[in-house]
Amino acid sequence: MKKCEEVLELLSLYIDDELDDVTAKAVEEHVKLCSSCKKELELLREVVKMCNGLDEVELPENFNESLHQKLISEQKEMEENRKIRLMEYRKMKLTASIAAIFILVFAAGGLFYRFGNLSQMFGISGRKEAMYYKEVDEQNRVAALKREDENKLTASYDKSENIESDNTDDISVSATGDTFALNTDPDNNNFSISSVPTETDVPGIATNDGGTFIAFNEDVNVYGGNYSISITAYSDNFNSDVSTINDIAEKYGTKIEEVANNDSKAITAKGGSVGAIMGFTATNRADYIVSYSMDKSSYDDFIKEIRDKYKGKYYISNNEEALNNRLTEINQIMSEFEKRKTTDTDEYKSLVQERENILNQLNILETSDEIIIDIGIVNNE
Amino acid sequence: MSDTKERDLVKRAKSGDVEAFEQLILGCEKKVFNIAYRMIGNYDDANELAQEVFLKAFRTIKNFKGDSLFSTWIYRVTANVCLDELRRRKKKAVISLDEDIELKDGEVKRQIPDDAPTPDLEAESNEIKNIVNESIRQLPDDYRNMIVLRDIQGFSYDEISKIVNCPEGTVKSRINRARQALKKILQGKKELFDEEYVK
């Protein structure tokens with residue numbers, strides 16, 4: 001015979017017909033004889049009945065309409081996110097073809113420059129890491145510029161073919177749409193290389209009188225809707241510059257994070273996860289990285305103060321400028337197409353897309369509440 | 001809806017096809033709404049909540065693996081959204097709540113009614129139904145969920161265990177306790193009712 005305790009546990013199942021025949025029978029038997037359990041069963045049945053009796057309510061009239069609207073805008077948002085990701089990819093290509101302007105000035109005493117057969121390595125920063133090797137002939141003149149990019153394609157620029165030079169100091173090398181100006185100063189072991197986008201003007205080039213200089217490569221990253229910029233400083237007065245730059249930055253923004261590490265692997269790995277610190281090439285790992293968050297106007301002021309502080313020893317490239325130039329260009333080309341009524345072509349369509357992407361980027365830049373500035377300082381002492 | 005039709009719609013919905021998604025949910029909209037209504041106790045809130053359920057489902061449909069009926073999955077989302085919302089509201093209310101409501105000997109630690117605005121009683125003109133409604137709202141969230149799914153919506157034990165993602169044994173004992181708890185609340189109300197009436 002079952003005990004009351006057991007039976008009480010089984011009442012719901014009994015009501016719902018979830019018991020096997022044997023157990024159900026046992027419950028029945030008990031209930032016949034036990035008045036308290038009987039009462040309990042009745043009450044429980046009553047409760048279930050009352051709940052069953054509750055009416056189902058109707059959907060509100062505008063339910064489907066309202067839901068439809070929300071689904072449509074959700075769908076749009078998902079498309080946008082997809083586009084932004086696509087845009088990031090395209091922006092990588094865009095940046096590569098526009099080519100970030102990068103100036104390297106090595107301190108007097110030349111860390112890397114060697115005569116003879118040894119090639120000189122320096123990096124061009126930008127999302128696409130490309131290594132440029134300079135080969136010198138017996139007279140220490142640039143014989144060839146070799147470039148090796150990630151796909152291990154070797155494009156070599158042979159002096160005899162494409163290198164034009166008015167004097168031995170300035171050598172222009174052009175091939176496949178990229179133009180490079182190689183400026184050598186044979187007296188001291190300094191040289192610099194700048195890559196020049198074929199269509200746009202070359203902004204000013206910093207002088208190379210040695211000492212600290214700041215190279216700004218505004219490497220733009222649209223990451224999760226935030227606009228981020230990375231800045232590289234090559235310092236021969238490391239500790240002093242670290243505190244100076246921090247002091248200035250703190251006036252304009254809030255420090256987010258800070259990494260001071262000699263382990264260059266750790267830094268590039270971390271840079272990968274932040275997603276914005278990508279301007280560092282094989283030869284130039286930052287010894288110190290700090291991130292600040294600023295709004296655009298503060299950022300402009302910050303740059304102004306850095307310029308003042310490091311007068312003459314800075315260089316900054318501005319992708320916003322490049323984007324705007326490209327936009328003008330696209331508009332021109334598009335009106336050509338429209339004049340000739342050839343707007344059906346894939347080319348035109350991709351221009352439309354590109355234009356939209358650029359406008360989007362510029363819009364994000366303008367409307368970003370927060371710009372993340374990744375400042376990397378390389379110890380060149 | 002046939003199996004293959006559902007699978008096809010699911011596939012399209014996963015790639016962001018709003019129309020396909022709307023077809024999928026046609027059959028369960030009313031149920032979802034009613035579950036939300038009984039859980040949250042308020043018609044307008046239920047409207048918002050139900051829409052949130054479908055929106056969430058649309059966003060996360062890639063997680064639906066097809067190992068259950070689509071509707072079962074939707075009801076699971078519903079239950080979760082409702083429980084989350086109830087939890088969220090409790091956090092806002094500055095009330096100390098009793099902890100785990102374990103029915104040991106039929107004792108119910110009555111939870112203080114949640115912070116939701118007074119429920120709409122427009123659907124229930126019947127006095128008894130009002131009382132039942134109110135009593136259900138006084139149940140702890142988990143028990144309320146059981147009553148809504150089993151005794152109001154009529155899901156089977158098996159379906160419920162899939163919806164709440166619990167073993168069937170747990171579901172069985174929980175339903176029993178939920179009903180006992182509800183019984184106690186109703187009995188308490190009946191006493192008050194009788195008292196008033198007698199006066």
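Residues numbered from 1 in each chain as written. Chains lettered and ligands numbered in written order. Predicted model: local features only at pLDDT ≥ 70, side-chain atom pairs only at ≥ 80, totals over all residues.

1. Quick word on the overall build of chain A
Broken down by element type, chain A carries nine helices and 15 strands. In chain A, which comprises 381 residues, the proportion classed as buried is 31%. (Helix = DSSP H or I, 4+ residues; strand = E, 2+ residues; numbered from the N terminus. Buried ≥ 20, exposed ≤ 12 C-beta atoms within 10 Å, placed from the backbone.)

2. Let's talk about the overall build of chain B
In terms of helices and strands, chain B carries nine helices and zero strands. Listing each helix as α and each strand as β along chain B from the N terminus yields α-α-α-α-α-α-α-α-α. The buried share of chain B, taken over its 199 residues, is 39%. Restricting the contact set of chain B to residue pairs at least 6 apart, pairs at least 24 apart contribute 64%. (Contact = placed C-beta atoms within 7 Å.)

3. Things to note about the confidence of the model for chain A
Residues and elements named next belong to chain A. Counting all residues, the mean pLDDT for chain A is 64, and 51% of those residues have values of 70 or more. The low-confidence segment residues 99-132, where pLDDT is below 50, has 95 contacts with residues more than four positions distant or belonging to other chains. Ignoring residues within four places in sequence, the model shows residues 147-225, a span with pLDDT below 50, making 174 contacts including any to other chains. (pLDDT = per-residue confidence, 0-100.)

4. What to know about the interface of chain B and chain A
Contacts between the two partners involve 30 residues from chain B, matched on the other side by 29 residues from chain A. Elements with a contribution of two residues or more to the side of chain B that touches chain A: helix 2 (18-25), helix 3 (29-40), helix 4 (43-60), helix 6 (127-138), helix 7 (141-152) and helix 9 (168-198) of chain B. Ranked by residues supplied to the side of chain B that touches chain A, first place goes to helix 9 of chain B with seven residues. When grouped by side-chain class, the residues that make up the side of chain B that touches chain A number 16 nonpolar, five polar and nine charged. (Nonpolar A, V, L, I, M, F, W, Y, C, P; charged D, E, K, R; others polar.)

5. Observations concerning helix 5 (residues 238-252) of chain A
Residue and element names in this part refer to chain A. The terminal C-alpha atoms of helix 5, which comprises 15 residues, lie 22 Å apart, in line with the 21 Å expected from a rise of 1.5 Å per residue. By the burial criterion, the buried members of helix 5 are Asp241, Val242, Ile245, Ala249 and Tyr252. One face of helix 5 carries all of its buried residues, which in axial projection span an arc of 105°. Counted as exposed and oriented over 90 degrees from the buried face of helix 5: Asn239, Ser240, Ser243, Asp247 and Lys251. (Expected span 1.5 Å × (residues − 1). Arc of directions from axis to C-beta.)

6. Some details on the environment of Pro140(B)
Structurally, Pro140(B) is set in the loop between helix 6 and helix 7. Taking the number of C-beta atoms within 10 Å as the measure of exposure, Pro140(B) has 20 and is therefore buried.

7. Points about the packing of helix 4 of chain B against helix 5 (residues 70-92) of chain B
For any two helices packed against each other, one specifies the inter-axial angle together with the distance between the axes. Residues and elements named next belong to chain B. Interaxial distance between helix 4 and helix 5 falls to 9 Å at its minimum, and their mutual angle equals 125°. Between helix 4 and helix 5, the angle is such that the two are oblique. Where helix 4 crosses over helix 5, the two elements pack in a sense that is right-handed. Seen from helix 4, the contacting residues are Leu49, Glu52, Val53, Lys56 and Ala57; seen from helix 5, they are Ile74, Val77, Thr78, Val81, Cys82 and Glu85. For the contact of helix 4 with helix 5, the class distribution of residues is seven nonpolar, one polar and three charged. (Axes fitted to C-alpha atoms, helices over the stretch in contact; angles between N-to-C directions. Parallel < 35°, antiparallel > 145°, perpendicular 65-115°, else oblique. Left-handed = near helix turned anticlockwise from the far one by under 90°.)

8. Comments concerning the pairing of strand 15 (residues 371-379) of chain A
All names here are of chain A. Along strand 15, eight of the nine residues are buried, which leaves the element largely enclosed by surrounding structure. Relative to strand 15, strand 13 (residues 288-294) runs antiparallel, the two being bridged by seven bridges. Paired with Ser293 across the bridge in strand 15 is Ile372. (Pairing = 2+ DSSP bridges.)

9. A word on unusual backbone geometry
We note that Asp17(A) has phi near 65°; this positive angle belongs to a residue other than glycine. In this structure, Asp17(A) sits in the loop between helix 1 (4-15) and helix 2 (21-33). In the Ramachandran plot, Asn165(B) falls in the positive-phi region, its phi being about 60° despite a non-glycine side chain. For Asn165(B), a count of 9 C-beta atoms within 10 Å gives the class exposed.

10. Details of the confidence of the model for chain B
All names here are of chain B. Confidence in the prediction for chain B averages 82 pLDDT; 79% of positions are at 70 or higher. In this model residues 94-103 is a low-confidence stretch, pLDDT under 50, and it forms 14 contacts with partners more than four residues away in sequence or in other chains. Scored as a whole, the predicted complex attains pTM 0.47, and scored at its interfaces, ipTM 0.77.

11. Focus: the nonpolar core
The biggest cluster of nonpolar side chains holds 67 residues, and the ones touching the most others in it are Ala36(B), Val53(B), Ile74(B), Cys82(B), Ile147(B) and Leu182(B). If one sorts the elements of this core by residue count, helix 5 of chain B sits on top with nine residues. Those residues in contact with Cys82(B) that lie beyond four places of it in its chain are Ile35(B), Ala36(B), Met39(B), Ile40(B) and Leu49(B). Core analysis: the second largest hydrophobic core is formed by 25 residues, Ile229(A), Ile289(A), Ile371(A) and Ile375(A) among them. (Core = buried A, V, L, I, M, F, W, Y, C linked by C-beta atoms within 7 Å.)

12. Quick word on the packing of helix 3 of chain B against helix 5 of chain B
Residue and element names in this part refer to chain B. Where helix 3 meets helix 5, the closest approach of the two axes is 10 Å, and the angle between their N-to-C directions is 20°. With respect to each other, helix 3 and helix 5 are oriented roughly parallel. Note that helix 3 runs across helix 5; the crossing there is right-handed. The residues of helix 5 that touch helix 3, namely those facing Val32, Ile35, Ala36, Met39 and Ile40, are Ile74, Tyr75, Thr78, Cys82, Glu85 and Leu86. Counted by class, the contact of helix 3 with helix 5 contains nine nonpolar, one polar and one charged residues.

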